[in-house]
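Tertiary structure, described
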Amino acid sequence: MKIIEKNKHIVAYYEKLEELRGVRRLTVISLREPFKNLLDAIKPKGWQFIAEKTVDGASRIIHPDATLRDENSFPRGYWEAKDPKLDLSAQIDVKIERQYPLKNTIFENTQRAVLYQAGKVVAEFDITQPKELARLLTLFFDYEEVVIANFKTAVARFREDTPELASGLRGKLEEAHKSNSKFISAHAQFMEMCRTSLNPAITRLAVDEMLIQHLLTERLIRKVFDNPYFTQRNIIGKELQGVIDAFTSKTFNADEYLGKLEYIYRAVEDASKGLDYADKQAFLNTVYEQFFQGYAIKTADTHGIVYTPQPIVEYMCSAVEEALHTEFGLSLADETVHLIDPCTGTGNFMVHLLERIHKTTPDKLEEVYLNRLYANEVMLLPYYVASLNIEHKFYELWGEYHPFEGLCFVDTLDIAQAQQLSLFSEQNAQRVQRQKDAPITVIIGNPPYNIGQLSENDNNKNRAYPVIDGRIKATYAKESQSGNKNKLYDAYVKFFRWASDRLNGRDGIVCYVTNNSFVDAIAFDGMRKQLLEDFTTIYHVDLHGNVRQNPKLSGTTHNVFGIQVGVGITIAIRSTRHEASRLFYHRVPEFWRKEEKLGFLQTALNNPFQSIPFQVLQPNTKNEWIISDTDDEYASFIPLGTKATKRANNGNGNGIYAIFKTFSNGIQTNRDDVMYDFTRRELIPRVEEFIENYNQEVDRYKRTGKNATGRDLDNFVKYDKIKWSSRLKETLQRLVYAEFAEEKVRYSLYRPFTKKYLYFDTILTHRRGLFPQIFPNQQTEVENRVICVPLKGNTKPFHVLMTNIIPDLHLTGDSQCFPFYVYDEDGTNRRENITDWALKQFQTHYNDSSITKWEIFYYTYAVLHHPTYREKFAGVLKRELPRIPKVPSFKAWAKIGQELSYVHLNYEQIDPHPLAMQWRTNKPVSQRVVKMRLEKKPDSADVLVNESLRLAGVPLRALDYQLGGRSALEWVIEQYRVKDDKDPNLYSEDEGYIVGLVGRVVAVSLETLRLIDALGTWEG
Ligand SMILES: C[S@@+](CC[C@H](N)C(=O)[O-])C[C@H]1O[C@@H](n2cnc3c(N)ncnc32)[C@H](O)[C@@H]1O
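What comes next is a walk through the structure. (Residues numbered from 1 in each chain as written. Predicted model: local features only at pLDDT ≥ 70, side-chain atom pairs only at ≥ 80, totals over all residues. Heavy atoms only, no water.)

A few points about the overall build of the protein
- When helices and strands are tallied, the protein shows 39 helices and 31 strands.
- A compact globule built from 1020 residues should have a C-alpha radius of gyration of about 31 Å, and the protein, at 32 Å, falls within 12% of that.
- C-alpha atoms of the protein, sized along the principal axes, occupy 90 × 80 × 75 Å.
- Considering only contacts within the protein whose residues lie at least 6 apart along the sequence, 71% involve residues at least 24 apart.
- Accessible surface, the protein as shown: approximately 43,400 Å² in total, 49% of it carbon and sulfur.
- Taking the 131 positively charged and 134 negatively charged side chains of the protein as two groups, their mean positions are separated by 2 Å. (Helix = DSSP H or I, 4+ residues; strand = E, 2+ residues; numbered from the N terminus. Rg over C-alpha atoms; globule rule 2.2 N^0.38 Å. Contact = heavy atoms within 4.5 Å. Areas by Shrake-Rupley, 256 points an atom, 1.4 Å probe, with all protein chains shown as cover. Lys, Arg positive; Asp, Glu negative; His and termini not counted. Charge placed at Lys NZ, Arg CZ, Asp CG, Glu CD.)

Shown next, in the form of structure tokens:
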């Protein structure tokens, strides 16, 4: 990286120094601030600036003013500031005497700087000169030790080759399963052990994966960490070795096979020779995360295999230490403090706790290590890694090796189940028993968060835990008013439930970093209530970064884990000292980047509670923690729909207090690729083929399925031709055959202004909602209309769209639909869906008996478009279905609502906005799209249709008509592209249809915005 003298941070550095020179009685500490800020600001993306960090592995305690670590956590450079009044060279000598690292180190005193690299002086600089300073920084940031560079290349190679190596081993294991009887019997025994001790539903494949992990990493651990007896000594490694020995006895020679990898192993081993343990740890982290990402992504997902950034680990350990002290007058080493990390990964919480205990009460370290620290891990590789890390840290601090008896190879959530038959090995069982008996008072960690599989075809379900799931049902779910409680079975929620129960009524602390949807998502109302009953003080540091809630954020840039869901640190304390519960909350600024968030935690380290300006929250009766000022006003409006009104089956009589009697989710196929198409011609044969394949599976199930259910059924069905859903598996079990019928091919609004053909069927459409009663046949599309709004809990900005054909569930996010009419499924018995109760409410309020149900329908549509309504009630609109106020200009708004509905329903007929068609010469003239693109310019935008055609002159204002964070035009551009084997050009015989549609959607957008303006200012 070339840094120039005019770099804005260099300029700011000199300005700051100048400013300080005017200050009387200037201290060295304030004088070093500008250089500190300069290094921090200028460091490459992904690097960390860590102030006063103790140098790992040094024989004396040394903490340079800063350590800079790169994106892999390798230490890349150090900085030490000195007093300009003293002689710099003499001061450097003192530091060298104290064994300061000289790998890449700047010593400076605002006047002069000396740069050491690889133990030698590289150059001296007059840093009063910007040019010199820029040169120093360039040399400093560009430097990479040769060993580290080699090591990185070797590790990258290992990572790249892992999937292939693993798949080769998989093939070898497959052969051994067929022909190696010794292996077959050892494997069966081992698998039985896994079933009883890790997971009753563990598959043969999962056990094979374990063997692969062992085979691929065992040698690296032995050599890289110079730990020749690791797997022999490790109580789990020993067990695995037995199966491996059987495997390698006949058909397979591990050394020979792995010999092919010699070049990689060598490279990693050679490169690691010059590194100390701390550097090698970066390798372990790579192995931990990337190994799984590379070859077992499903495991990475279900188990949440991600490394916890160090500043989070340190902040949490520090918070626990402070809470122990302030709440209970205890230290980490107190004999009543028994700590556990229930999902330890690489063991970094334990490692850091050891460091803390060593710092404050060094003489107690061994006692705590041997008696009061516990950690669990359920995956083999991280279990090895944790074992290495924790045992090494103890050895480094104490000077003697002791196995870490607190570490168990076990599923934490299983420990709560009634019976454990065996726990892998006698020693592991003893360890688990010791842990079970321990009076745990502190639980700390980063539990996995995964709601379960996204697709039935992943065959990747989170396993069920009867005890914990039962406890969730009896507490968090029982206390919840929400309809959909599935999210309460997310792994992180199970870990909260487990931890609250694990304290077993004792005073104590639970400190987790997790997905923090429980803070404000509707499904978690019961959990929030229960948490405040289980604990007396809860602190929550909201690091958010929920990309779906705020599409302007990016997971990689803004989220501390680089993921899409919000993250937060919870410190929940139970102390009988307090009677009422207290809730403290702090949310870091919305647009902070990951590094800023981590930096913030770093600076709050020494006083985790006092240095954070927590806000005291008062939950309301609905168990909401985050309440906005407008909630009361909103509550006075009329609900669009409620579950109670929907349930009330006495026509329009009692129990009905909403505008619409009923409502339904948009339809969900669970296999859009098969069930939707731009053309009937492509859709029909594909559906017929799917039906044929499915019916064959029904036949096969009849013959050989042995009434399989649950996990057995998951393993029975074939995934190659059929995209399964839970509903399809149900119909298979009931031996229901599917039958093709032409009239089931219907029009659907798939995405805004994107119509597709849909095969709409009881078996093949995963969820049809009430649409068989809303649009039972094509005739009803002429008269019926539905208003679609986001589902409760939807994270996108609020939006609304009316349609007169079947809408998809993901129309613009997830959609909840309110029809004007409902029918019987044969299309007869049409009923109005606006309640008489609502009609009366409006007529009475406006004292106007001429108000009709259609007017209420259109009025509602208008209100839902008003920008002030959306902005003012943005928070509550995310959590609840809309409520409708009664504004003074009812009739005028109803009329505008009707006009809005006209343009939205008839978008294909409206006159297009005139756009200039610009053709490129020497290119074939065609209006066919391949992948359209929007090109924004300062005063207008163009749509690039294909290589020959550009539609110029889209007014930028048109892009302000947004549906769920994206403009109507962008929806169309995104949807009308040739994808896989789907060609939108086939939708219409007219080659110019899509080009015309672009102009029409621009016109619709402009007209919508004009009508919204016509609503005038908010009168609510
Ligand atoms: C988010 S990671 C922990 C990261 C760890 N703090 C670190 O930085 O290395 C979660 C870990 O929990 C483990 N895990 C998941 N479910 C578990 C369970 N039920 N019992 C024990 N460990 C589990 C996973 O294998 C994974 O290594």
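Digging into the packing of aromatic side chains
- Counted according to the given criterion, the structure contains 58 aromatic pairs.
- Aromatic pair Phe-678 and Tyr-976: ring centres 5.3 Å apart, planes at 40°, arrangement tilted. One end of the pair, Phe-678, is in the loop between β18 (676–677) and α28 (680–704); the other, Tyr-976, is in the loop between α38 (968–975) and α39 (993–1014), with 298 residues separating them in the sequence.
- Accessibility expressed as a relative area gives 2% for Phe-678, which makes it buried.
- Residue class for Tyr-976 comes out buried when judged on its relative accessible area of 0%.
- A centroid spacing of 3.5 Å and a plane angle of 10° characterise the contact between Phe-820 and Trp-854, whose relative ring orientation is stacked. With Phe-820 in the loop between β24 (815–819) and β25 (821–822) and Trp-854 in helix α34 (residues 853–865), this pair connects stretches of sequence that are 34 residues apart.
- On the accessibility criterion, Trp-854 (24% relative accessible area) is partly exposed.
- Linked through ring pairs, Tyr-634, Phe-637, Phe-842, Tyr-846, Tyr-859, Tyr-869, Phe-873, Phe-890, Trp-893 and Trp-1018 together constitute an aromatic cluster. (Phe/Tyr/Trp six-rings, centres within 6.5 Å; stacked < 30°, edge-to-face > 60°. Buried < 20%, exposed > 50% of the residue type's maximum accessible area, 1.4 Å probe, protein only.)

Some remarks on empty space enclosed by the protein
- Throughout the structure, instances matching the rule amount to seven cavities of 30 Å³ or more.
- By volume, the largest cavity amounts to about 70 Å³.
- Lining the largest cavity we find Leu-749, Phe-753, Lys-755, Leu-801, Met-802, Thr-803, Asn-804, Ile-805, His-904, Leu-905 and Tyr-907.
- Among the secondary structure elements, those contributing two or more residues to the lining of the largest cavity are β22 (801–803) and α37 (890–905).
- The leading source of residues in the lining of the largest cavity is β22, at three residues.
- Its residues placed into classes, the lining of the largest cavity shows seven nonpolar, three polar and one charged. (1 Å grid on protein atoms, 1.4 Å probe; cavity = no way out; pocket = protein on both sides within 12 Å on 5 of 7 lines; lining within 4 Å. Points joined across faces, edges and corners; volume = space filled by probe spheres on them. Nonpolar A, V, L, I, M, F, W, Y, C, P; charged D, E, K, R; others polar.)

Brief notes about unusual backbone geometry
- For Thr-110, which is not glycine, the phi dihedral falls at a positive 70°.
- Here Thr-110 is to be found in the loop between β4 (104–108) and β5 (112–117).
- Residue Leu-735 is not a glycine yet carries a positive backbone phi of 55°.
- Tracing the backbone through its elements, the reader meets Leu-735 in the loop between α30 (726–733) and β19 (745–751).

Structural notes on the pairing of strand β21 (residues 786–790)
- The element β21 is largely enclosed, with a buried count of five among its five residues.
- One ladder, built from five bridges, connects β21 with β24; its direction is antiparallel. Its bridge partner being in β24, Ile-787 is matched across the sheet by Phe-818. (Pairing = 2+ DSSP bridges.)

Considering helix α7 (residues 204–224)
- Relative to the 30 Å expected for 21 residues at 1.5 Å per residue, α7 spans 30 Å between its end C-alpha atoms, a close match to the ideal helical length.
- Its maximal kink placed at Thr-217, α7 deviates by approximately 40°.
- The buried count for α7 comes to 16 of 21 residues, which makes it a mostly enclosed element.
- One or two steps after α7, the chain reaches Asp-226, where phi turns positive at roughly 50°. (Expected span 1.5 Å × (residues − 1). Bend = angle between axes of the 7 residues up to and from the residue.)

A short note on the packing of α34 against α37
- Contact geometry for α34 and α37: axes closest at 7 Å, N-to-C directions at 80°. The angle between α34 and α37 places the two elements in the roughly perpendicular class. Where α34 approaches α37, its residues Glu-855, Ile-856, Tyr-858, Tyr-859, Tyr-861, Ala-862, Val-863 and His-865 are matched on the opposing element by Phe-890, Lys-891, Trp-893, Ala-894, Gly-897, Gln-898, Leu-900, Ser-901 and His-904.
- Taken together, the residues that form the contact of α34 with α37 break down as ten nonpolar, five polar and two charged. (Axes fitted to C-alpha atoms, helices over the stretch in contact; angles between N-to-C directions. Parallel < 35°, antiparallel > 145°, perpendicular 65-115°, else oblique.)

Focus: the pattern of salt bridges
- By the definition in use, this model includes 55 salt bridges.
- With a closest N to O distance of 3.6 Å, Arg-76 and Glu-144 form a salt bridge. Separated by 68 residues along the polypeptide, Arg-76 in strand β3 (residues 75–81) and Glu-144 in the loop between α4 (130–142) and α5 (146–179) bring together distant segments of the chain.
- Accessibility expressed as a relative area gives 12% for Arg-76, which makes it buried.
- A relative accessible area of 28% places Glu-144 in the partly exposed class.
- The partner of Arg-593 in a salt bridge is Glu-595, with the nearest N and O atoms 3.9 Å apart. (Salt bridge = Lys/Arg side-chain N within 4 Å of Asp/Glu carboxyl O.)

Brief notes about the sheet that holds strand β29 (residues 933–936)
- Spatially, the four strands line up as an open sheet ordered β28-β31-β30-β29, and their pairing is antiparallel. Edge positions in the sheet fall to β28 (916–919) and β29, since each has one partner strand and no second. Across this sheet, the average inter-strand angle for adjacent strands is 25°, counted without regard to direction.
- With four bridges joining them, β28 and strand β31 (residues 949–955) adopt antiparallel strand pairing. Residue pairing for β31: Met-917 is matched across the bridge by Leu-951.
- Packed on one face of the sheet, α39 meets β28, β30 (940–944) and β31 and runs near 5° to β31.

Concerning the sheet that holds β24
- Read from one edge of the open sheet, four strands run β17-β24-β21-β22, paired in antiparallel fashion. Single-partner strands in this sheet number two, and they are β17 (664–665) and β22.
- The sheet strands contacting α34 are β21, β22 and β24, and the helix crosses β21 at an angle near 30°.

Comments concerning the pairing of β24
- Counting buried residues in β24 gives five out of five residues, a clear majority hidden from the surface.
- Residues of β24 alternate between two faces, with Ser-815, Cys-817 and Pro-819 on one and Gln-816 and Phe-818 on the opposite face, all of them buried.

Thoughts on the nonpolar core
- Formed by 136 residues in total, the largest nonpolar core has its most connected members in Ile-312 and Ile-569.
- With ten residues, α5 is the single largest residue contributor to this core.
- With residues near it in sequence (within four places) discarded, Ile-569 still touches Ile-312, Tyr-315, Met-316, Cys-511, Tyr-512, Val-513, Tyr-539, His-540, Val-541, Leu-543 and Leu-601.
- Phe-637, Ile-973, Tyr-976 and Leu-1011 belong to the second-largest nonpolar core, a separate cluster that totals 124 residues. (Core = buried A, V, L, I, M, F, W, Y, C linked by side-chain atoms within 4.5 Å.)

Quick notes on a positive patch on the surface
- Where like charges cluster on the molecular surface, the positive patch consists of Lys-643, Lys-646, Arg-647 and Lys-792.
- Here Lys-643 falls in the partly exposed class, since its relative accessible area comes to 45%. (Patch = residues over 30% accessible without salt bridge, like charges linked within 9 Å, V, L, I, M, F, W, Y side chains within 5 Å.)

Observations concerning the environment of Leu-220
- Structurally, Leu-220 can be placed in helix α7.
- Residue class for Leu-220 comes out buried when judged on its relative accessible area of 2%.
- Taking C-alpha positions, Leu-220 is 8.0 Å from Val-268, a pair spaced 48 residues apart along the chain.

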